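Each chain, letter by letter, is given below.
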Amino acid sequence: LHPGGTDARSMEALVAELGEGYRVILPDQRGHGRTADVDGPFSFEDMASDTADLIAALGLAPVHLLGHSDGAIVSLHLAVARPDLVRSVVFAGGVFHHEGWLPGTLDGEPPSFMGSPDGRDHWPVIVEKLSRLHATSPSLSVEDLRSVRLPVLVVMGDDDEPRVEHILEMFRALPDGELAVLPRASHGFNVEKPRLLAMLVRDFHAPDKN
């Protein structure tokens, strides 16, 4: 599941490194890539519901979820709301509460190649919706994390945008959590270090673990 302000193309480098043994589904969230926008504000709960509907429609459950940044947050919401659909989660470069971001880290411009499936003139609407979303969401609690009984690999870069203390709090609250910190990696480690990230993911998904 891709970050906000990008689309599934941002995950292609990682997918290429995962190699054989995976069936990979790369959806675009509402208002991104190939998926049209909808009326009203964005919410992670709605994106998780969209993802749940896709999993059910394709008959895939339970699935291994992998999300980066906003995609990680969507994955976590789905694991909390519909654990029956989820086998494990790779939570990469995200936060469980919006106060977990370092100040000013979400102020950058979306990639120049991005546009809305509703037309490039609609893209500023998407950017504004994302800005409003990030101002108040996610707002999950430590108790929500403790309810997640499936395996979760929490990944961040050592120069990432979540606060380290926030990620440690998350790791300690998860009943079946693992933690990995990628060296020399920014928030874009899905494209900076796809080989290293893929190695961690394959190990996490090893049959004797999950």
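Computed from a predicted structure; not experimentally measured.

## Considerations on a nonpolar patch on the surface
A cluster of nonpolar side chains, Ile25, Leu54 and Leu58, forms an exposed patch at the surface whose accessible area comes to about 210 Å². Within the fold, leucine 54 resides in helix α2 (residues 44-58).

## Regarding the pattern of salt bridges
With the rule as written, the count across this model stands at nine salt bridges. The partner of arginine 34 in a salt bridge is aspartate 28, with the nearest N and O atoms 2.6 Å apart. With a closest N to O distance of 3.0 Å, glutamate 128 and arginine 132 form a salt bridge. Of this pair, glutamate 128 and arginine 132 both sit in helix α4 (residues 123-136), separated by four residues, roughly a single helical turn. Classification of arginine 132 as exposed rests on a relative accessible area of 60%.

## Quick word on empty space enclosed by the protein
The full count for this structure, using the stated rule, is one cavity of 30 Å³ or more. A volume near 40 Å³ is recorded for the largest cavity. Lining the largest cavity are His2, Pro3, Gly4, Gln29, His32, Met47, Asp70 and Val74. Taken together, the residues of the lining of the largest cavity break down into three nonpolar, four polar and one charged.

## Section: the pairing of strand β2 (residues 86-92)
Each regular strand shows side chains that alternate between the opposite faces of the sheet. Of all seven residues in β2, six are buried; the element is thus mostly enclosed. In this structure, strand β1 (residues 63-68) lies alongside β2, joined through six bridges in parallel fashion. Looking across to β2, one finds that valine 63 is bridged to valine 86. As a crossover connection, the stretch from β1 through helix α3 (residues 70-81) into β2 is right-handed.

The rules behind each value
- Residues numbered from 1 in each chain as written.
- Predicted model: local features only at pLDDT ≥ 70, side-chain atom pairs only at ≥ 80, totals over all residues.
- Heavy atoms only, no water.
- Patch = residues over 30% accessible without salt bridge, like charges linked within 9 Å, V, L, I, M, F, W, Y side chains within 5 Å.
- Areas by Shrake-Rupley, 256 points an atom, 1.4 Å probe, with all protein chains shown as cover.
- Salt bridge = Lys/Arg side-chain N within 4 Å of Asp/Glu carboxyl O.
- Helix = DSSP H or I, 4+ residues; strand = E, 2+ residues; numbered from the N terminus.
- Buried < 20%, exposed > 50% of the residue type's maximum accessible area, 1.4 Å probe, protein only.
- 1 Å grid on protein atoms, 1.4 Å probe; cavity = no way out; pocket = protein on both sides within 12 Å on 5 of 7 lines; lining within 4 Å.
- Points joined across faces, edges and corners; volume = space filled by probe spheres on them.
- Nonpolar A, V, L, I, M, F, W, Y, C, P; charged D, E, K, R; others polar.
- Pairing = 2+ DSSP bridges.
- Right-handed = clockwise from strand over helix to strand, strands pointing away.

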